[in-house]
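An overview of the molecular structure
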Amino acid sequence: MSPKVSVSEISKHASPDDCWVVVNGKVYDLTSFAPSHPGGANIIYAWAGRDASKTYNEYHAKNLIENELGNSDKKGDLDESTVTDTWVKAQKTEEDKTPDQNEKPPLSSIINLNDFEEAFAKSASKKANAYVAGASNDLLTLRANAQHWQRLWFRPRVMKNVSKVQMRTKILGQEVSMPVWIAPMGAGILSGPEAEAALGAGAAASGIIHCMSTATSLPIEEILDTAPGHPWFFQLYVDKQRAKSEALLRKLAGQPQFKALFVTADLPVVSKREADERIRTVEVRPQYLGGTKPALDSKGGGIARNNGGFIDPTFNWDDLAWLKKHTRLPIVLKGIQSVVDAKKALGMGCAGIVISNHGGRALDNAPSTVMILLELRRDCPEVLEKMEVFVDGGIRRGSDILKALCLGARGVGVGRPFQCSIQYGREGVEHCASGESVFMLREVTHAKAVDTDAGVVLQDELETAMRLCGVTDVNELRGDMSFLNTSELEMLLPPEQERYPALQFGWSRIRSKL
Ligand code: 173
């Protein structure tokens, strides 16, 4: 039994030399820990002699502090019977927002994916916004991703019987309710206390798959426990210490819920995320990094920069052989941005690729993912036939999913909107995806032109777009360009005779042009 500690006792230890802090009902002596706190000692001293639970929970997984500290630093349980009004008032900070100004809108008012991001911008912390909404440098690729989906136009067919539409399909052998998966993002805890548990539970309730990030805030087991038996994908960053990656892969092998390994290929080093770097704040430590401290560098407070130092920049094509020795999961390369690399992935026996530029969070001025997909279609369509090709980046509408399928993709990843939906917990994630757990043909009855029990946002939009476009089955549509007009963007593609001049004609031809 831990001793009970009164608020008057705690208040006495309110200086850097003698610093007690309450976190989630437990009293800790942080005097010796504070100087090595990766986010700096000052943030801890600011809470000396007080209850830091609110701030702590915004950035850390619940169990982190318990695992981090030795028993001698654990002073006991907060004696709730001693809590006074003065104590409660002392916990308020200037940062505490006035609720009416920043309160998140009710979930029922959220009707599209952009609403989720707007609600987040309004009510999540500045740091969470900078991290989630942010991207590299001038945000050019971030914007191009979204804009280019909007420049694809449909060629609809009318007078088809669209009373029944089929959205159910298979992704990497897994049955899903629609061709969408939740793209991996680190540090879910920043978006809401349920963190990645909300993504897992919401995905399962909607019949889609969550691709869990290496940089999750919660332990893998805890996330999987939200939906026992439901399939998951895992996103892998290869670690400079290969033994750590090998241990992680062994752990994944013991979890049959993992069905595929999405290996990130487009972020050998962390990019420059300026919004994130400008806000220096306490660290957000991914669970995977365990006891190792993030290396706060001198370049600001970027979450990925501070936590991504473990990513191995030497990881290259030859390492696929190493990877295959350590996993039996199908390997999907995530972050393919050129036709040459797509062909290479196929040649090297990958199960699939994700055409992705990391949501504009890797190389700025990398092509939009729509452009890459268009070029792949034109120059090497056999890749689309022979392997599962996915796409992510800027997908915000059900109709965008339809466009991706017409272009030959098997499915799409959606990242930021889901990350923002975490602030509404699992219910928010479910609302974002579909709100429907059963796989079935959806039928429009005479009484209801629109099935009001149907999924709320993405699935509902996909279903409606299919009906209005004259498409009844997502599986029949794949690669069918007769439903899509791409001419606005085709004009931006490099002319065919100019493709890969270096590969086709050698450098001498290029030099002769100079
Ligand atoms: O995009 C990211 O923020 C990301 O991929 C990352 C990388 C390392 C640590 C945390 C996040």
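Scoring rules and cut-offs
Residues numbered from 1 in each chain as written. Predicted model: local features only at pLDDT ≥ 70, side-chain atom pairs only at ≥ 80, totals over all residues. Heavy atoms only, no water. UniProt positions renumbered as here; feature names shortened; annotations may be inferred. Near = heavy atom within 4 Å. Polar contact = N/O pair within 3.5 Å; in protein donor to acceptor, adjacent residues only side chain to side chain. Nonpolar A, V, L, I, M, F, W, Y, C, P; charged D, E, K, R; others polar. Axes fitted to C-alpha atoms, helices over the stretch in contact; angles between N-to-C directions. Helix = DSSP H or I, 4+ residues; strand = E, 2+ residues; numbered from the N terminus. Parallel < 35°, antiparallel > 145°, perpendicular 65-115°, else oblique. Left-handed = near helix turned anticlockwise from the far one by under 90°. Contact = heavy atoms within 4.5 Å. Pairing = 2+ DSSP bridges.

In the annotation of an unreviewed UniProt entry, the protein is listed under the name Cytochrome b5 heme-binding domain-containing protein and assigned to Monosporascus ibericus. One UniProt comment on the protein, placed under Cofactor (unreviewed entry), says "FMN".

1. Observations concerning the site of the ligand
In the neighbourhood of the ligand, the contacting residues comprise Tyr-131, Ala-215, Tyr-237, Arg-273, Ala-304, Asn-307, Gly-308, His-358 and Arg-361. Residue His-358 places a side-chain N or O atom 2.9 Å away from an oxygen atom belonging to the ligand. Within the side chain of Arg-361, one N or O atom sits 2.9 Å away from an oxygen atom of the ligand. Counted by class, the shell around the ligand contains 4 nonpolar, 3 polar and 2 charged residues.

2. Focus: the packing of helix 10 (residues 195-206) against helix 21 (residues 425-433)
A pair of packed helices is characterised by two quantities: the angle between their axes and the separation of those axes. Running from amino to carboxyl end, helix 10 crosses helix 21 at an angle of 45°, the nearest separation of the two axes being 8 Å. It follows that helix 10 is oblique to helix 21 by the angle criterion. When the axes of helix 10 and helix 21 are compared, the crossing they make is right-handed. Only Gly-425, Arg-426, Val-429, Glu-430 and Ala-433 of helix 21 make contact with helix 10, whose side of the interface consists of Ala-197, Ala-198, Leu-199, Ala-201, Gly-202, Ala-203, Ala-205 and Ser-206. Looking at the contact of helix 10 with helix 21 residue by residue, the class counts come to 8 nonpolar, 3 polar and 2 charged.

3. Digging into the sheet that holds strand 18 (residues 411-414)
For sheets, the rule is that strands pair by backbone hydrogen bonds, running either parallel or antiparallel. The strand order around the closed barrel formed by 8 strands is 11-12-13-14-15-16-17-18, and the pairing between neighbours is parallel. Going from strand to strand, the sheet's axes swing by 30° on average, the running direction of each strand aside. Bridge count between strand 15 (residues 331-336) and strand 16 (residues 352-355): 4 bridges; the pairing is parallel. Bridging from a neighbouring strand, Ile-336 pairs with Ile-355 of strand 16. Across the sheet, helix 12 (residues 242-253) is in contact with strand 13 (232-236) and strand 14 (258-264); its angle to strand 13 comes to roughly 180°. Lying on the sheet, helix 15 (residues 319-326) is in contact with strand 13, strand 14 and strand 15; it crosses strand 15 at an angle near 140°.

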